[in-house]
Amino acid sequence: MTQSSPLRRRILVALAALLVGVLVLGATVVTIVLRRPLPHHSGTAETGVGSEVRIERDAQGVPHIYADTDADLFFAQGYVHAQDRFFEMDYRRHVTSGRLAELVGGAEEAIAADTVIRTLGWRHVAEQEWDMISRESQSYLTSYAAGVNSYLEGREPSQLAFEYTVLGLQVSVTDPEPWTPVDSLAWLKAMAWDLIGNYEHEINRAATYQALGDLERVEEVFPGYPYTRNASIVPGGSGVRVVPSADAATVDAGWGDDAGSPSVIDSSWREAIRSDAVGAAIQALDAVPSLLGRGTAVGSNSFVVSGEHTESGLPLLANDPHLGLGAPGIWYQVGLHCTAITADCTFDLGGFSFSGMPGVIIGHNDHLAWGLTNMAPDVSDFFLERVYPDGTYEHDGERLALETRTETIEVNGGDPRTIEVRSTHHGPLVTDTLGRTEFVTGSPVPAGSPPGGVDGYEVSLRWTALDPGRTMDAIFATNRARQPSDIARAAALFEVPAQAIVYATVEGDIGFQAPGRIPIRAEVPGPVPSDGTWPRPGWDSAYDWQGYLAADELPSLQNPDEGFIVAANQAVTAPDEGPFLTADFDPGYRSQRIRSLLGEAVGAEEALTVDAANEIMGDTRNPLGEILMPTIMRLEVEDPFLQEAMDELMTWRDEGYPNDADSSGAAFFNATWAYLAMLTFGDELGSAEGMDGDSRWVNAVHMIIGQPQNRWWDDITTVNVTETRDEVLLQSLTDARAHLTRVLGKNPSTWRWGDLHQTELFHPILTPSAAPAPIAWLTNPAPFGTDGGIATVNANSWSVSPGEDERLDFTSSTGPSMRMVVDLSDLDASTWVVTTGTSGHPTSRHYTDQLTAWRDGETFAWNWTEEAVAEASRTTFTLRP
């Protein structure tokens, strides 16, 4: 060894020590950065409350707030929301105000979202609503905002959320603006948008017509509600009176001697439907970020059972809204308790709130529990507008000036963008938003119209949520409801989004109430549909809305003879009863399965329990099994390789068609359904919007499965051959067998549905595709196998359309966003769970501490009484004046 060896050793030791020091320092810095935003849940804080407020948190971090006044109660709710979810709140308000690019920079997706939302004017409507709601509601929103701002005071962005630190590496991050009451009201627009009802069906009909060119065939893939198979919420013969669709049942179309003739209107309408305007509208509306989840997979289950059929003798109420799933989850659990009910303190409730809004959306108070499902009435219409180069549009033979306004989109780190928003009397032109599309020009002008060439067709949106309303008043009214009449009064204010309300009281009442501002559409004679299912001719006033249904015209049901009510997005009333709400209800496979399970229990005189209600919400029976398997089992299968997989299907059939994560038969059957849907409809529809295999497509196949020669079975891409049902089924089975062999292995007995059907929860901005791997690992929970699927009660839906690599993708990103069962005999016996946890901080233990329970269909105790809350409390935080 040379004389320099000791020196080299000392240098190496020093370098190693330095490296360790750097790593330790780096790890320390990273730990500080990650944990700096975590709030204190124990201790005290001096704030703007009028008197002391106590906040108890349980093992899941759920806060129960105890205050002496309503003002302090909502102040504290704003404070805890800001503690746990402020980045989510800030992100939401930037989205709903059309200011996302101010937060995240100049990504084209952000600018597109801002452009569309500015065009729709969500923030403008929220500002108008502030002047409409009651002074009482204004005071609650003001107190809530003060609580949020109290937490923000003195804290820099890195102390509020880890996300600000990450964003600061790319864009400028400044102190967040103070929270305002209008920030909370604007969130209602996002709720309404994602739960808007049939707008996707309406625009998809137009896209499908472009592919087929045949109105009759379009309706075959948009089949009506199967009333003979699946019951409505209010059963037929319940005494709900028929409400006419308009005061005048029929309105004459047209605005000139010849211009309004059915043939001219029809040809003009068909031309507009075929124009590029429809595609431009789809592109524009797809740019809006989904905050609750959107599409036909968004729905819910709810049911309420009379005490006559429960173990306790008082009602049970269950609810599990199916919404978009993300990290953090949509809901924030909270208890809001007045220490004593007085004139100054009027609330005592618990349930599921949205961060950014005071009060509770779904839950119970000391007298009444309520749940919500999307009733999905048709509250929007697309109007095809004839637009001229001089800034006018055509209506009843006259040229009216487009209304215009200018919006400036500020871009973090970039130049601002200026847009011009143009509107007709129907609403904003959504086809304006993402660059002017080259629409059809030189279109025939109906006789009698003013001179001047038509610039093209554009699409405007008429939507009830673009008119200011009092839904915020309705939320507070529901929170304090004590009896059915209170729910009816609250529903009259709950204008949008229109949610089916089920409720139960401690006195033993159960009921359903339909709310909402529902437009009336006149019946217009002629070939152009006038019921809201298709985009409407904007140039003819006969197709304009004729007003709104009155609150007392909306269906309701109380204490039905059968002893239970199920509301799961199905039709509200029988076809010859009640007002027309929409033609696009969910076909009712989930609701009918719940009705069957409840009916079996009632028929067998089995007293329903909280555990039994939770089991029903976790049911995975696949209705497609009953529809397809009898025909599949009659096929002649000669290939032993395929027969090996068919054996798993037969076992699956004998088990009752369960879409369980560990089922091999479910894996094979669902893959077969994907190929069947594509082979049956994909050859003709191609890339037409809506080809996702959801419950609408289940209903479409249900309608033709008994018709072996139906034209939909034929593959139009083949020559001199006409395929039949059995050939398509056999080919689907063969393709599914080959696909699963490639992705899961040769032995069908080892296949598992959960290996295909994975639930993915993504952070709103720090997704795996957008964030470095270590950050994405921190913010996005690992995918996991999930029970359920399309049209099952435990609805974790997926799309049959293959990905870019032509492989099937069974990933689910929508599902039960929470589950609750309320026991009206003992509120402490109620249960609840959310997808992730109460915290929006990725390093908090409450970021995903409910996820495993949610996945496995388990729940947590929902403590209600002060004694139960105290016993479950793990931390106490006090707000002092």
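Okay, so let's go over this structure. (Residues numbered from 1 in each chain as written. Predicted model: local features only at pLDDT ≥ 70, side-chain atom pairs only at ≥ 80, totals over all residues. Heavy atoms only, no water.)

**So, the overall build of the chain**
What counts here: Strands here mean DSSP runs of E at least two residues long; helices mean DSSP runs of H or I at least four residues long; both are numbered from the N terminus. All accessible areas in this document rest on Shrake-Rupley with a 1.4 Å probe, and a residue is counted as covered only by the protein chains that are shown.
When helices and strands are tallied, the chain shows 26 helices and 27 strands. Approximately 32400 Å² of the chain is accessible, and the part contributed by carbon and sulfur atoms is 50%.

**A few points about helix α16 (residues 589-603)**
Convention followed: To estimate the expected span of a helix, subtract one from its residue number and multiply by 1.5 Å. A 1.4 Å probe rolled over the protein chains alone gives each residue an accessible area, and that area as a share of the maximum for its type sets the label: buried under 20%, exposed over 50%, partly exposed in between. Here a residue-residue contact requires only that any non-hydrogen atoms of the pair lie within 4.5 Å.
Between the first and last C-alpha of α16 there are 21 Å, a value that for 15 residues agrees with the 21 Å anticipated at 1.5 Å per step. When α16 is considered as a whole, its buried residues turn out to be Tyr589, Arg590, Ser591, Ile594, Arg595, Leu597, Leu598 and Ala601. Buried residues belonging to α16 abut β4 (299-305), β5 (316-324), β20 (564-567), α17 (610-617), α18 (623-633) and α21 (695-704). The positive-phi residue at the C-terminal boundary of α16 is Glu605, with phi of around 55°.

**Details of the pairing of strand β8 (residues 362-365)**
Stated precisely, the cut-off is as follows: Paired strands are those between which DSSP finds at least two bridges.
The alternating pattern of β8 places Ile362 and His364 and Gly363 and Asn365 on opposite faces, both of which are buried. When β8 meets strand β9 (residues 368-374), the two strands line up antiparallel, connected through two bridges. Note that in β9 the partner of His364 across the bridge is Ala369.

**So, the sheet that holds strand β7 (residues 348-353)**
Put simply, the rule reads: Convention adopted: a line fitted to C-alpha atoms gives each axis, helices being fitted over their contacting stretch, and angles between N-to-C directions are expressed from 0 to 180 degrees.
Strand order in the open sheet formed by eleven strands is β1-β27-β2-β3-β6-β7-β8-β9-β16-β17-β19, with mixed pairing between adjacent strands. The outermost strands of the open sheet, each flanked by one partner alone, are β1 (43-46) and β19 (556-558). Each adjacent strand pair in this sheet contributes to an overall mean axis angle of 15°, direction not counted. Of the pairings in the sheet, the one linking β1 to strand β27 (residues 875-880) comprises four bridges and is parallel in character. Looking at the pairing, Gly43 lines up with Phe877 of β27. Packed on one face of the sheet, helix α15 (residues 484-493) meets β9, β16 (499-505), β17 (510-513) and β19 and runs near 160° to β16.

**Points about the pattern of salt bridges**
The criterion, for reference: Whenever a carboxyl oxygen of Asp or Glu lies within 4 Å of a side-chain nitrogen of Lys or Arg, that contact is scored as a salt bridge.
All chains considered together, the criterion is met by 39 salt bridges. Residues participating in the shared-partner salt-bridge network are Asp90, Arg93, Arg123, Glu127 and Asp183.

**Quick notes on unusual backbone geometry**
Ala327 connects to Pro328 through a cis peptide bond whose omega is 0°. By the secondary structure assignment, Pro328 is in the loop between β5 and β6 (332-338). For Asn569, which is not glycine, the phi dihedral falls at a positive 75°. Along the chain, Asn569 turns up in the loop between β20 and α16. Residue Asn569 is classed as buried on the basis of its relative accessible area of 7%. Here Asn720, not a glycine, exhibits a phi torsion of approximately 60°, which is positive. Looking at the secondary structure, you find Asn720 in the loop between α21 and α22 (725-744).

**Observations regarding the packing of aromatic side chains**
Selection rule: Each aromatic pair joins two rings of Phe, Tyr and Trp (for Trp, the six-membered one) with centres within 6.5 Å, and gets the label stacked for planes under 30 degrees apart, edge-to-face for over 60, and tilted for any other angle. Lysine NZ or arginine CZ positioned within 6 Å of the ring centre and within 35 degrees of the ring normal marks a charge as sitting over the ring.
Within the structure shown, the criterion is met by 31 aromatic pairs. Summarising the aromatic geometry, the rings of Trp832 and Trp862 are spaced 4.3 Å apart at their centres and angled 5° between planes, so their arrangement reads as stacked. With Trp832 in strand β25 (residues 831-834) and Trp862 in the loop between β26 (860-861) and α26 (866-872), this pair connects stretches of sequence that are 30 residues apart. Trp862 gets classed as buried once you look at its relative accessible area, which sits at 0%. The structure contains a cluster of three or more aromatic residues connected by ring pairs, namely Trp187, Trp331, Phe352, Phe354, Trp832 and Trp862. Lying across the ring of Trp539, Arg386 places its NZ or CZ 4.9 Å from the centre.

**Let's talk about the packing of helix α19 (residues 640-654) against helix α20 (residues 664-685)**
Let me state the cut-off plainly: Roughly parallel here means an angle under 35 degrees, roughly antiparallel means over 145, roughly perpendicular means 65 to 115, and every remaining angle is called oblique. Should the near helix be turned anticlockwise from the far one by less than a right angle, the crossing is termed left-handed; should it be turned clockwise, right-handed. Residues are grouped as follows: nonpolar covers Ala, Val, Leu, Ile, Met, Phe, Trp, Tyr, Cys and Pro; charged covers Asp, Glu, Lys and Arg; every other residue, Gly included, is treated as polar.
Viewed as axis vectors pointing N to C, α19 and α20 meet at an angle of 110°, and their least axial separation amounts to 8 Å. In terms of their interaxial angle, α19 and α20 are classed as roughly perpendicular. Here the hand of the crossing between α19 and α20 comes out left-handed. Note on element contacts: α20 touches α19 through Ser664, Gly665, Ala666, Phe668 and Phe669, opposite Leu642, Ala645, Met646, Glu648, Leu649 and Trp652. Here the contact of α19 with α20 is composed, by residue class, of eight nonpolar, two polar and one charged.

**Focus: the nonpolar core**
For clarity, the cut-off: Definition of nonpolar core: a set of buried residues of the types Ala, Val, Leu, Ile, Met, Phe, Trp, Tyr and Cys, connected through side-chain atoms within 4.5 Å.
Among the nonpolar cores identified, the biggest contains 227 residues, and Trp463 and Trp673 are the most heavily contacted of them. Those residues in contact with Trp463, other than ones at most four positions away along the chain, are Trp122, Lys189, Ala192, Trp193, Ile196, Val379, Ser380, Val496 and Trp545. By size, the runner-up hydrophobic cluster in this structure holds 17 residues, among which are Ile594, Leu608, Val793 and Val821.

**Some details on the packing of α20 against α22**
Here α20 crosses α22 at 125°, and the two axes come no closer than 8 Å. The orientation of α20 relative to α22 falls into the category oblique. Our pair here, α20 against α22, has a crossing hand that is right-handed. Listed contacts from α22 to Ala667, Phe668, Ala671, Thr672, Tyr675, Leu676, Leu679 and Thr680 of α20 are Val728, Leu729, Gln731, Ser732, Leu733, Asp735, Ala736, Arg737, His739, Leu740 and Arg742.

**Some points on the environment of Pro157**
If you trace the backbone, Pro157 turns up in helix α7 (residues 157-160). Here the alpha-carbon distance between Pro157 and Thr174, two residues 17 residues apart in the chain, equals 7.1 Å. Those residues within four positions of Pro157 in sequence are excluded, and the remaining contacts are Tyr164, Val173, Thr174, Asp175 and Pro176.

**Concerning α18**
Heads up, the condition is: Here a polar contact is recorded for every N or O atom pair within 3.5 Å, except that within protein the pair must consist of a potential hydrogen donor and a potential acceptor, and residues adjacent in sequence are included only if both atoms are side-chain atoms.
Burial analysis of α18 places eight of its eleven residues in the buried class, which makes it a mostly covered element. Regarding α18, the residues found buried are Pro623, Leu624, Gly625, Ile627, Leu628, Met629, Thr631 and Ile632. Looking at the buried residues of α18, the elements they touch are α16, α19, α20, α21 and α22. N-capping of α18 is provided by Asn622, with a side-chain oxygen placed 2.9 Å from the backbone N of Leu624.

**A look at the side chain of Arg737**
Relative to the elements of secondary structure, Arg737 occurs in helix α22. On the accessibility criterion, Arg737 (1% relative accessible area) is buried. At 3.0 Å, the side chain of Arg737 and the backbone oxygen of Phe641 are in polar contact. At 2.9 Å, the side chain of Arg737 forms a polar contact with the backbone oxygen of Lys746. Beyond its immediate sequence surroundings of up to four residues, Arg737 is in contact with Phe641, Leu642, Glu644, Ala645, Phe668, Gly745, Lys746, Pro748 and Trp751.

**What to know about the state of the cysteines**
Where we set the bar: For the purposes of this analysis, a disulfide is any pair of cysteine sulfur atoms at a distance within 2.5 Å.
In total, this model carries one disulfide according to the counting rule given. The side chain of Cys338 participates in a disulfide bridge whose partner is Cys345; the two sulfur atoms lie 2.0 Å from each other. Judged by the sign of its S-S torsion, about -90°, the bond between Cys338 and Cys345 is left-handed. Comparing Cys338 with Cys345, the two get one shared label, buried.

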